[in-house]
Amino acid sequence: MTGPNTVLARTPLYQWHAAHGGRLVDFAGWEMPVQYTSIVEEHTATREAATLFDVSHMGRLRFDGPGAAAFLDLLLTRKVVGLGFGKVRYALMCNLGGGILDDVLVYHLADEHGRPFHWLVVNASNREKIIAWVERHLPDAQDVTYADHTTATAMIAVQGPRALEITREALGLDLHTLGNYTALVTTIHGETGLASRTGYTGEDGCELVVPASIAVDVWQELFDVGQPHGLKPAGLGARDTLRLEAAMPLYGHELTENINPIQAGLGFAVNLKGRTFLGHDAITIASQDKNLPRRVGLELASRRVPREHCPVLRADASQANVGEVTSGTFSPTFKKSIAMAYVSPDCAAVGTPLVVDIRGKQEPAKVVELPFYQRPR
Amino acid sequence: MKPEELLYAPTHEWVAVAKENGVQVATIGITDFAVKQLTDLVYMELPEVGRKLAAGQEFGEVESVKAVSPLYSPVAGEVIAVNSELPNRLETLNDDPFGQGWVMKVKLSDETALSKLLDYAAYQKQCSEQG
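Since this is a predicted model, take the numbers as computed values, not measurements. (Residues numbered from 1 in each chain as written. Chains lettered and ligands numbered in written order. Predicted model: local features only at pLDDT ≥ 70, side-chain atom pairs only at ≥ 80, totals over all residues. Heavy atoms only, no water.)

Chemist: Tell me about the overall build of chain A, residues and numbers included.
Modeler: Within chain A, the regular secondary structure consists of eight helices and 19 strands. Whereas a compact globule of 377 residues would reach a radius of gyration of roughly 21 Å, chain A reaches 21 Å, a difference of no more than 12%. Taking the principal axes of its C-alpha atoms as reference, chain A extends roughly 65 × 50 × 45 Å. Sorting the 377 residues of chain A into buried and exposed places 56% on the buried side. Long-range contacts, defined here as pairs at least 24 residues apart, represent 66% of the contacts in chain A between residues at least 6 apart. Entry remark: accessible area of chain A is about 15400 Å², with carbon and sulfur atoms responsible for 53%. If the 35 positive side-chain charges of chain A are averaged to one point and the 41 negative ones to another, these points end up 6 Å apart. (Helix = DSSP H or I, 4+ residues; strand = E, 2+ residues; numbered from the N terminus. Rg over C-alpha atoms; globule rule 2.2 N^0.38 Å. Buried < 20%, exposed > 50% of the residue type's maximum accessible area, 1.4 Å probe, protein only. Contact = heavy atoms within 4.5 Å. Areas by Shrake-Rupley, 256 points an atom, 1.4 Å probe, with all protein chains shown as cover. Lys, Arg positive; Asp, Glu negative; His and termini not counted. Charge placed at Lys NZ, Arg CZ, Asp CG, Glu CD.)

Chemist: Describe the interface of chain B and chain A, and please don't skip the residues or the numbers.
Modeler: Contacts between chain B and chain A engage 14 residues on the former and 16 residues on the latter. When chain B packs against chain A, close to 1300 Å² is buried across both sides, 42% of that on carbon and sulfur atoms. When residues of chain B are sorted by the area they lose upon contact with chain A, Val42, Val65 and Lys66 of chain B head the list and together hold 41% of the total. The salt bridge involving Lys361 of chain A is made with Glu45 of chain B; its shortest N-O contact spans 2.4 Å. Taken together, chain B and chain A are joined by 16 residue pairs in polar contact (both at pLDDT 80 or more). Listed by contribution, the elements that provide at least two residues to the side of chain B that touches chain A are helix H1 (32-38), strand S4 (41-45) and strand S6 (58-64) of chain B. Among the residues making up the side of chain B that touches chain A, the classes are represented as five nonpolar, three polar and six charged. (Buried area = accessible area lost by both parts, 1.4 Å probe. Salt bridge = Lys/Arg side-chain N within 4 Å of Asp/Glu carboxyl O. Polar contact = N/O pair within 3.5 Å; in protein donor to acceptor, adjacent residues only side chain to side chain. Nonpolar A, V, L, I, M, F, W, Y, C, P; charged D, E, K, R; others polar.)

Chemist: Talk me through the nonpolar core; I want residue IDs and the actual numbers.
Modeler: Residue and element names in this part refer to chain A. Ranked by size, the top nonpolar core spans 39 residues in total, and within it Leu92, Tyr107, Trp119 and Leu255 carry the most contacts. Every residue in contact with Trp119, bar those within four places of it in the chain, is listed here: Arg60, Leu61, Arg62, Leu105, Val106, Tyr107, Leu109, His149, Leu194 and Val209. In this structure, Leu178, Leu208, Val210 and Ala215 belong to the second largest nonpolar core, which totals 28 residues. (Core = buried A, V, L, I, M, F, W, Y, C linked by side-chain atoms within 4.5 Å.)

Chemist: Describe the state of the cysteines, naming the residues involved and giving the relevant values.
Modeler: The final tally for this structure, using the stated rule, is zero disulfides over all chains. With no disulfide of its own, Cys310 of chain A lies 17 Å from the sulfur of Cys347 of chain A, the closest cysteine sulfur. (Disulfide = S-S within 2.5 Å.)

Chemist: Which residues make up the sheet that holds strand S4 (residues 59-64) of chain A, and what are the values?
Modeler: Residues and elements named next belong to chain A. Overall, antiparallel pairing links the five strands, which are arranged S5-S6-S7-S4-S8 in an open sheet. The open sheet is flanked by strand S5 (88-94) and strand S8 (145-148), the only strands paired with a single partner. For this sheet, the mean angle separating the axes of adjacent strands, direction not counted, is 30 degrees. Across seven bridges, S5 lies against strand S6 (residues 100-110) in antiparallel orientation. Pairing of Met93 across the sheet is with Asp102, part of S6. (Pairing = 2+ DSSP bridges. Axes fitted to C-alpha atoms, helices over the stretch in contact; angles between N-to-C directions.)

Chemist: Can you lay out unusual backbone geometry for me, pointing to particular residues and giving the numbers?
Modeler: Residue and element names in this part refer to chain A. For the peptide bond that leads from Leu370 to Pro371, omega is 0 degrees, which places it in the cis range. In this structure, Pro371 sits in the segment after strand S19 (361-368). Here Gln319, not a glycine, exhibits a phi torsion of approximately 45 degrees, which is positive. Summarising the element assignment, Gln319 is placed in the loop between strand S15 (311-314) and strand S16 (321-331). You will see that Lys335, though not glycine, has its phi angle at about 55 degrees, which is positive. Residue position: Lys335 is located in the loop between S16 and strand S17 (336-343). Judged by relative accessible area, Lys335 falls into the exposed class, the value being 55%.

Chemist: Provide a residue-level description of the sheet that holds S19 of chain A, including the pertinent values.
Modeler: Sheets are built from strands paired through backbone hydrogen bonds, the pairs being either parallel or antiparallel. All names here are of chain A. One closed barrel holds the six strands; their spatial order is S14-S17-S16-S15-S18-S19, and the pairing between them is antiparallel. Ignoring strand direction, the axes of neighbouring strands in this sheet form an average angle of 45 degrees. By the bridge criterion, three bridges tie S15 to strand S18 (residues 353-358) in an arrangement that is antiparallel. Following the sheet pairing, Val312 is matched in S18 by Val356. Against the sheet, helix H7 (residues 236-245) touches S16 and S17, its axis set at about 120 degrees to S16.

Chemist: Report on helix H4 (residues 127-137) of chain A, specifying residues and quantitative values.
Modeler: Residues and elements named next belong to chain A. Those residues of H4 that fall on the buried side of the exposure criterion are Arg127, Ile130, Ile131, Trp133 and Val134. All buried residues of H4 fall inside an arc of 160 degrees around its axis, so they share one side. What points out from H4, more than 90 degrees from its buried face, is the exposed set Glu128 and Arg136. (Arc of directions from axis to C-beta.)

Chemist: Residues and numbers for the pairing of S17 of chain A, please.
Modeler: Residue and element names in this part refer to chain A. Judged by how many residues are buried, S17 sits mostly within the fold: seven of eight residues are covered. Pairing analysis gives eight bridges linking S16 to S17, with the strands arranged antiparallel. Note on S17: the bridge partner recorded for Glu324 is Tyr342. From the end of S16 to the start of S17, which pair antiparallel, there are four residues, and Lys335 there has a positive phi angle of about 55 degrees.

Chemist: Outline the domain arrangement of chain A, listing residues and values.
Modeler: When the domains of chain A are assigned, the result is domain 1 (14-58 + 151-245), domain 2 (59-148) and domain 3 (293-368). Placing a centre on the C-alpha atoms of domain 2 of chain A and another on those of domain 3 of chain A gives a separation of 35 Å. (Domains from an automatic or database assignment.)

Chemist: A description of the packing of aromatic side chains should follow, citing residues and the corresponding values.
Modeler: Residue and element names in this part refer to chain A. Applying the stated criterion to the full structure yields ten aromatic pairs over all chains. Taken together, a centroid distance of 5.4 Å and an interplanar angle of 70 degrees make the contact between Trp16 and Trp219 edge-to-face. Of the two residues, Trp16 sits in helix H1 (residues 14-19) while Trp219 sits in helix H6 (residues 215-226), which places them 203 residues apart along the sequence. Assessed through its relative accessible area of 6%, Trp16 is described here as buried. Using a relative accessible area of 0% as the deciding quantity, one classes Trp219 as buried. (Phe/Tyr/Trp six-rings, centres within 6.5 Å; stacked < 30°, edge-to-face > 60°.)

Chemist: Can you lay out the environment of Gly274 of chain A for me, pointing to particular residues and giving the numbers?
Modeler: Looking at where Gly274 of chain A falls in the secondary structure, it is placed in the loop between H7 and helix H8 (280-287). Taking the C-alpha atoms as reference points, Gly274 of chain A and Ala91 of chain A, separated by 183 residues in sequence, lie 17 Å from one another.

Structural data, given as structure tokens:
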């Protein structure tokens, strides 16, 4: 956590953001653009055309050595041993109690020399914690090494229906044949980089990792070529409304060390059978506990926005407290107030009427299916 | 209304005082700077007509995608009119914050609060310091 005297880290694109009207804020110790013009404009551009996000603040770790797959397999809820080359998987890293330490993407790749390695993208806010966790569990066998590539590289997300077209035109990099959640090491702007068909917006698109030295050039090329297609730069504000509509959890909100993956609705990212990993036994037990609060989606009748920590109440005369909002926004796509919340399982069924207490005023809500938004395919 | 002729609260409300039917009435709105800072407005709550406000008292709220901001009355008095169409047409706050975007009219009960408000130059200075 950062105090008032902490010097904020800057990504290689910091000067670009500052020069192009980016409103810079402290995010997890990084000075990042929250918006350039308007959150709604940047959100809509992502849904309808394309946007560029600087996500260089996210932690990027490379794992090498014959023991790398087995080591990550021990740390992650998802099976890593046997993960094919070019595959990317969403997974959780949990403590022994099954609480979530971070949500990550794990990649299995071959580098420019044909050497296999694993790549882990972690949340900026958790990078130091995850490195400490990795250090603590590194095997004595010394058959795994890891390196933190976060500051030596930049990471750029190009998101939206026109993202791949723009990426091809700007960088000569055709990712149309790359399936969703796959990646490759490739040449980008004359340097070795990494491209994946991933993102955090609910749209098609890709994420590029390039050496810090060429970050501005790559970004500028994408920007120049993309502008006639309707591309805009977008900040963390739009990133948040986009991921919320797509019901993607955000660490520190939907995910904490006191939440296990099953109650978070992330069972798809947990392989319990026939293997073990840190937190496995606790998650197995938790998966059978029918009393734990569940992550749900809420839609409100009011245009007032339910914010984090707003209490969720029963809609009957008891008005009993049944949970709490973890993220909320006014959905730019649906023009409605939406939220994600954890509620008692007996209130979690789709259609259940509930009430959100927004600063003392009771606003009617109902449980709706997640995600709020799914892109047309 | 000309921004140069208005008074301002440090909390970004503007005030225009004029005599209407023999009484001192303050028309109150939100500054263009505040609207620009908020961006993406989605909701606004107005006070009830007839409500008595103290200077500095919260009288409503304006909400953007990102955050909610309370509105504070720069003056003391009774609410005699509100711009009831405004919450349905929040874009008016972007288009004409010092005119069609007015929020409420208050019949002044006490004019001492007026002397604590900023003039245009002082308010501009505050805004430039806030970036």
